[in-house]
Amino acid sequence: MRKLFGHPDSGHAYKVRLFLSVAGIEHDYEVVDIWKPRDQRSAEFQSVAPLGEVPVLIEDGQAYAQSNAILLHLARSTGLWGGESSQRMNACEQWLVWEANKIGMCLPQIRSYEKFEKEALLENALPWLKARYESDVATIESALSHGQTWLLAGAEPSIADFSVCGYLFFADEAGVDVPLNVKAWLNRLSNLEGWQHPYQLLA
Ligand SMILES: N[C@@H](CCC(=O)N[C@@H](CS)C(=O)NCC(=O)O)C(=O)O
């Protein structure tokens, strides 16, 4: 018995639901109104979300939080999408830590500024965030420029792909450019059975 809490604007929740959807894992899903004050969200969500954020996955009564930690748990427990071997898990761990500190620490903020917070102080940080995005997306572009299909070698995608792509499907809203190989890789992801854009998958 699994239940995921998410929101259509959350690329973090998207990473997790993408795994579940592409793997065909049955689960319940509930949208949390992340625009409401935390103490006004459902009592169930408040009781399971340690930091008050989506995503949270409940599995057999246990709550898992933080998108990349949830992905690691899912890969390990199912043996899928990186969980097939310790070498693949190791490579995934490296990408997931990179994601949290790099592309996951500039693209969500740029998009948040462009879509929701035009007046916010974030404006002062924008040039720095955009330079950071250019550098981080160049790292992904370079990793994909040797003819490989996914971030890890091999025919199957992994949680490295699911994590790193999370906010890149919102790149148009952030007003940033996506280089050629990254675009082609996003296109391959979007052709996976079970793939949907975040706004559909998290509705
Ligand atoms: N590091 C967290 C980030 C989670 C996060 O920032 N969630 C946002 C939505 S994308 C949220 O719940 N915001 C509402 C709030 O913090 O109250 C993860 O990877 O899961």
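Here the residue index of a chain counts from 1 through its sequence in written order. Only residues with pLDDT of at least 70 get local features here, since the model is predicted, and only at 80 or more are side-chain atom pairs given and counted; chain-wide, interface and lining totals rely on the full set of residues.

1. So, the site of the ligand
Working rule for contacts: place C-beta from the backbone, and if it is within 6 Å of a molecule or strand, that residue counts as near it. Near the ligand the following residues occur: Ser10, His12, Ile34, Arg38, Gly52, Glu53, Val54, Pro55, Gln66, Ser67 and Asn68. Residues of the shell around the ligand, tallied by class, amount to three nonpolar, six polar and two charged. Throughout, the ten residues Ala, Val, Leu, Ile, Met, Phe, Trp, Tyr, Cys and Pro are labelled nonpolar, Asp, Glu, Lys and Arg are labelled charged, and all others, Gly among them, are labelled polar.

2. Considerations on the domain arrangement of the protein
Interface size is often expressed as the accessible area that is lost when the parts come together. For the protein, the assigned domains read domain 1 (2-79) and domain 2 (86-195). Residue ranges assigned to the domains are those given by an automatic or database domain assignment. Relative to domain 2, the C-alpha centre of domain 1 lies at a distance of 20 Å. Secondary structure is summarised from DSSP: a helix means a run of H or I of at least four residues, a strand means a run of E of at least two, and numbering begins at the N terminus for each. Top contributing element to the side of domain 1 that touches domain 2 by residue count: helix α1 (residues 11-23), with eight residues. Looking at the side of domain 1 that touches domain 2 residue by residue, the class counts come to seven nonpolar, five polar and two charged.

3. Observations regarding helix α3 (residues 67-78)
Helix length check: α3 (12 residues) gives 16 Å between terminal C-alpha atoms against 16 Å at 1.5 Å per residue, within 8%. Among the residues of α3, those classed as buried are Ser67, Asn68, Ile70, Leu71, Leu72, Leu74 and Ala75. Considering only its buried residues, α3 is in contact with α1, β3 (56-59), β4 (62-65), α4 (86-101) and α7 (159-164). Within two residues after α3, Gly79 carries a phi angle of roughly 75°, on the positive side. Between the first and last residue of a helix there are one fewer steps than residues, each counted as 1.5 Å, and that sum is the expected span. With C-beta atoms placed from the backbone, a residue counts as buried when 20 or more other C-beta atoms lie within 10 Å of its own, as exposed when 12 or fewer do, and as partly exposed for counts between those limits. Any residue pair is listed as a contact if its two C-beta atoms, each placed from the backbone, are within 7 Å.

4. A look at the nonpolar core
Core analysis: the largest hydrophobic core is formed by 48 residues, its most contacted members being Val16, Phe19, Leu71, Leu107, Ile110, Ile159 and Ala160. Counting residues per element, this core draws most heavily on α1, at six residues. Split by domain, this core shows at least three residues from each of two domains, domain 1 (2-79) and domain 2 (86-195). In this view, Ala160 contacts Gly82, Ala91, Cys92, Trp95, Leu96, Leu151 and Leu152; residues no more than four positions away in its chain are not counted. To define a nonpolar core, we join buried Ala, Val, Leu, Ile, Met, Phe, Trp, Tyr and Cys residues through C-beta atoms within 7 Å and take the resulting set.

5. Brief notes about helix α6 (residues 126-143)
In this model, α6 (18 residues) spans 26 Å end to end at C-alpha, consistent with the 26 Å of a helix rising 1.5 Å per residue. Those residues of α6 that fall on the buried side of the exposure criterion are Leu129, Tyr133, Asp136, Val137 and Ile140. Projection of α6 onto a plane perpendicular to its axis shows the buried side chains occupying an angular sector of 100°, all on one side. Among the exposed residues of α6, those oriented more than 90 degrees off its buried face are Pro127, Trp128, Ala131, Ser135, Ala138 and Ser142. Note that the arc is computed from the directions linking the helix axis to the C-beta atoms.

6. Some words on the environment of Ala63
Residue placement: Ala63 occurs in strand β4. Take Ala63: there are 15 C-beta atoms within 10 Å of it, and that puts it in the partly exposed class. For the pair Ala63 and Arg2, spaced 61 residues apart in sequence, the C-alpha to C-alpha distance is 9.8 Å. Not counting residues up to four positions away in its chain, the partners in contact with Ala63 are Val48, Val56 and Ile58.

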